[in-house]
Amino acid sequence: MSNAGDYTVGWICAIVTEYVAAQELLDEEHDQPEFISTDDTNDYTLGRLGKHNVVVAVLPGGEYGTSSAASVATHMLRSFPNIRIGLMVGIGGGAPSAKHHIRLGDIVVSEPRDGESGVFQYDFGKTIQGRAFQYTRALNQPPTSLRTAMTGIQAQHKRKGHQLEATINAILEKNPRLEEEYKRPAPETDRLFKSEVTHDACGCAGSCATEPLNLVPRRPRTKKEDNPAIHYGLIASANQLMKDAVVRDKLAMEKAVLCFEMEAAGLMNLFPCLVIRGICDYADSHKNKEWQGYAAIAAAAYAKDLLSRIPPNKVEAEKRISDVMSG
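Under the annotation held in an unreviewed UniProt entry, the protein carries the name Nucleoside phosphorylase domain-containing protein and is attributed to Conoideocrella luteorostrata.

This is the structure:
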């Protein structure tokens, strides 16, 4: 039977595709917990990742958004009171721009900058007559050890690149039943449509993409570039699904947003964490699920690399999240 006090890293997923990816990245899986309180409705997977004991939880089926994520985090901290650092790992919609060459399968990591915590809640604020919508909610930053490790891994990747693709391939070779859903899709399925082009019900391949002028021309990645690429910056979060390329581009321009998702804003002020998102679509009307598996496992592989840079004693030096939030 696992001891709740042994687990210092909390990892939250939103959907089962992400949950499976997290489980596959564990170096060792532990027995199911037998000590969960009756009011804790979470499903947990316990295990070891590198030198860290990790508890992974997933949102209930059919539930999305900030409130559901907050509920999962609250239960986790109650059942595993020794958790000191948190991760939110999964998929998101990318916001490509002239400055950020974001492609499907890339990874976006929430990096605090310009007074933002790394996560920006874009549906929380106030509307004042004659003025633009004002965003008013301040969110907490991730724990120091995670931010330090993020800086360290950025430097490592600049010098030496990464091995995320090799990690993913090794997992799929070991567990071939996952290959169909989690392998990298064909490059030609990575299409960025112009903002004014909305989805045709006949399908992207059979309709939207048949006219080349509908697509934004983009150069292929060179062999010297990391693929998937890792981007650091602001992740936009809200209780709504972003499927509007015009709004996407507006927030990318105004706030330098790199990615859109639906859970992180509900976590940061009660479960300060680093948010890691694999890009599975472009947050527009052309959304589909073809890249979800690969994006999820790429994000999980990055999370594993990140944790490997943090010595266990550095995690132990962090205050327990439950103590920080109640203090």
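Moving on, there is more to tell.
Draft legend 1. Seen up close, the overall build of the protein. Per the secondary structure count, the protein includes 9 helices and 12 strands. Over its C-alpha atoms, taken along the principal directions, the protein stretches across nearly 60 × 55 × 40 Å. Counting the 327 residues in the protein, one finds 53% classified as buried. Carbon together with sulfur atoms contributes 49% to the accessible area of the protein, which is approximately 15300 Å² in total. Averaging the positions of the 37 positive and the 41 negative side-chain charges in the protein gives two centres separated by 8 Å.

Draft legend 2. Layout of the pairing of strand S1 (residues 9–13). Buried residues dominate S1, accounting for 5 of its 5 residues. With burial as the criterion, each face of S1 is covered, one bearing Val9, Trp11 and Cys13 and the other bearing Gly10 and Ile12. Of the strand pairs in this sheet, S1 and strand S4 (residues 52–58) are connected by 5 bridges, and their pairing is parallel. Each residue of the ladder has a partner; that of Gly10, found in S4, is Val55. Here S1 runs beside strand S5 (residues 85–94); their pairing, made up of 4 bridges, is parallel. Each residue of the ladder has a partner; that of Gly10, found in S5, is Gly86.

Draft legend 3. Inspection of the packing of aromatic side chains at higher detail. Within the structure shown, the criterion is met by 5 aromatic pairs. Aromatic pair Tyr7 and Phe80: ring centres 6.0 Å apart, planes at 85°, arrangement edge-to-face. Taken together, the residues Tyr7 in the segment before S1 and Phe80 in the loop between helix H2 (66–79) and S5 connect sequence positions 73 residues apart. As far as the burial class goes, Tyr7 and Phe80 line up, both buried. These aromatic residues form a ring-pair network of at least three members: Tyr7, Tyr44 and Phe80.

Draft legend 4. Representation of the environment of Gly62. Position of Gly62 among the secondary structure elements: in the loop between S4 and H2. Using a relative accessible area of 64% as the deciding quantity, one classes Gly62 as exposed. Along the sequence, Gly62 and Lys183 sit 121 residues apart, while their C-alpha atoms lie 25 Å from each other.

Draft legend 5. Region of interest: the pattern of salt bridges. Taken as a whole and judged by the stated rule, the model has 18 salt bridges. Between Arg113 and Glu111 there is a salt bridge; the shortest N-O distance is 2.3 Å. The class for Arg113 is partly exposed, based on a relative accessible area of 37%. For Arg248, the salt bridge goes to Asp249, with nearest N and O atoms at 2.8 Å. On the basis of relative accessibility, which here comes to 2%, the residue Arg248 falls in the buried class.

Draft legend 6. Region of the structure containing the nonpolar core. Membership of the largest hydrophobic core comes to 83 residues, with the highest contact counts inside it found for Trp11, Leu87, Phe271, Ile276, Tyr302 and Leu306. It is helix H7 (residues 292–308) that contributes the most residues to this core, 12 residues altogether. Among residues more than four places away in sequence, those in contact with Phe271 are Gly10, Ile12, Ala73, Met76, Leu77, Ile83, Gly86, Leu87 and Ile321. Of all hydrophobic cores here, the second largest spans 12 residues; its members include Ala95, Phe120, Ala236 and Ala238.

Draft legend 7. Representation of helix H4 (residues 164–174). All of the buried residues along H4 are Leu164, Ile168, Ile171 and Leu172. Down the axis of H4, the buried side of the element spans an arc of 95°, and every buried residue falls inside it. Residues of H4 that are exposed and point over 90 degrees away from its buried face: Glu173 and Lys174. Buried residues in H4 make contact with helix H1 (16–25), strand S6 (107–110), helix H5 (179–182), strand S10 (230–237) and H7.

Draft legend 8. Here's a closer look at unusual backbone geometry. In this structure, Pro228 follows Asn227 across a cis peptide bond, with omega equal to 10°. In this structure, Pro228 sits in the loop between H5 and S10. At Ala283, a position not held by glycine, the phi torsion is positive, near 55°. Here Ala283 is to be found in the loop between strand S12 (273–281) and H7.

Draft legend 9. Structural context of the pairing of strand S3 (residues 43–49). When you tally the buried positions in S3, you get 5 out of 7 residues, the bulk of the element. One ladder, built from 2 bridges, connects strand S2 (residues 28–29) with S3; its direction is antiparallel. Each residue of the ladder has a partner; that of Glu28, found in S3, is Arg48. The sheet contact formed by S3 and S4 spans 7 bridges and is antiparallel. Bridge pairing in S4 places Leu46 opposite Val55. The turn joining S3 and S4, which pair antiparallel and follow one another in sequence, is formed by 2 residues; a positive phi near 65° is taken by Gly50.

About the cut-offs
- One numbering rule holds for all chains: residues counted from 1, following each sequence as written.
- Side-chain atom pairs in this predicted model are given and counted only at pLDDT of 80 or more, local residue features only at pLDDT of at least 70, and totals for whole chains, interfaces and linings cover all residues.
- Computation of side-chain values: all heavy atoms of the structure, hydrogens and water removed.
- For helices the rule is a DSSP run of H or I covering at least 4 residues; for strands it is a run of E covering at least 2, with both sets numbered from the N terminus onward.
- For the exposure calls, accessible area comes from a 1.4 Å probe over protein chains only, and a residue counts as buried if that area is under 20% of its type's maximum, exposed if over 50%, partly exposed in between.
- Only the protein chains shown count as cover for residues, with accessible areas throughout obtained via the Shrake-Rupley method and a probe of 1.4 Å.
- When charges are counted, Lys and Arg contribute as positive and Asp and Glu as negative, whereas His and the chain ends are disregarded.
- Here the site of a charge means NZ on Lys, CZ on Arg, CG on Asp, or CD on Glu.
- Strand pairing is defined by DSSP finding a minimum of two bridges between the two strands.
- Stacked, tilted and edge-to-face pairs are distinguished by plane angle, under 30 degrees for stacked and over 60 for edge-to-face with tilted covering the rest, among Phe, Tyr and Trp rings (Trp via its six-membered ring) whose centres lie within 6.5 Å.
- We count a salt bridge whenever a side-chain nitrogen from Lys or Arg sits within 4 Å of a carboxyl oxygen from Asp or Glu.
- Nonpolar core, defined: a set of buried Ala, Val, Leu, Ile, Met, Phe, Trp, Tyr and Cys residues in which side-chain atoms within 4.5 Å join the residues together.
- Pairs of residues are marked as contacts when any of their non-hydrogen atoms sit within 4.5 Å.
- The arc in question is the one traced by the directions running from the helix axis out to the C-beta atoms.

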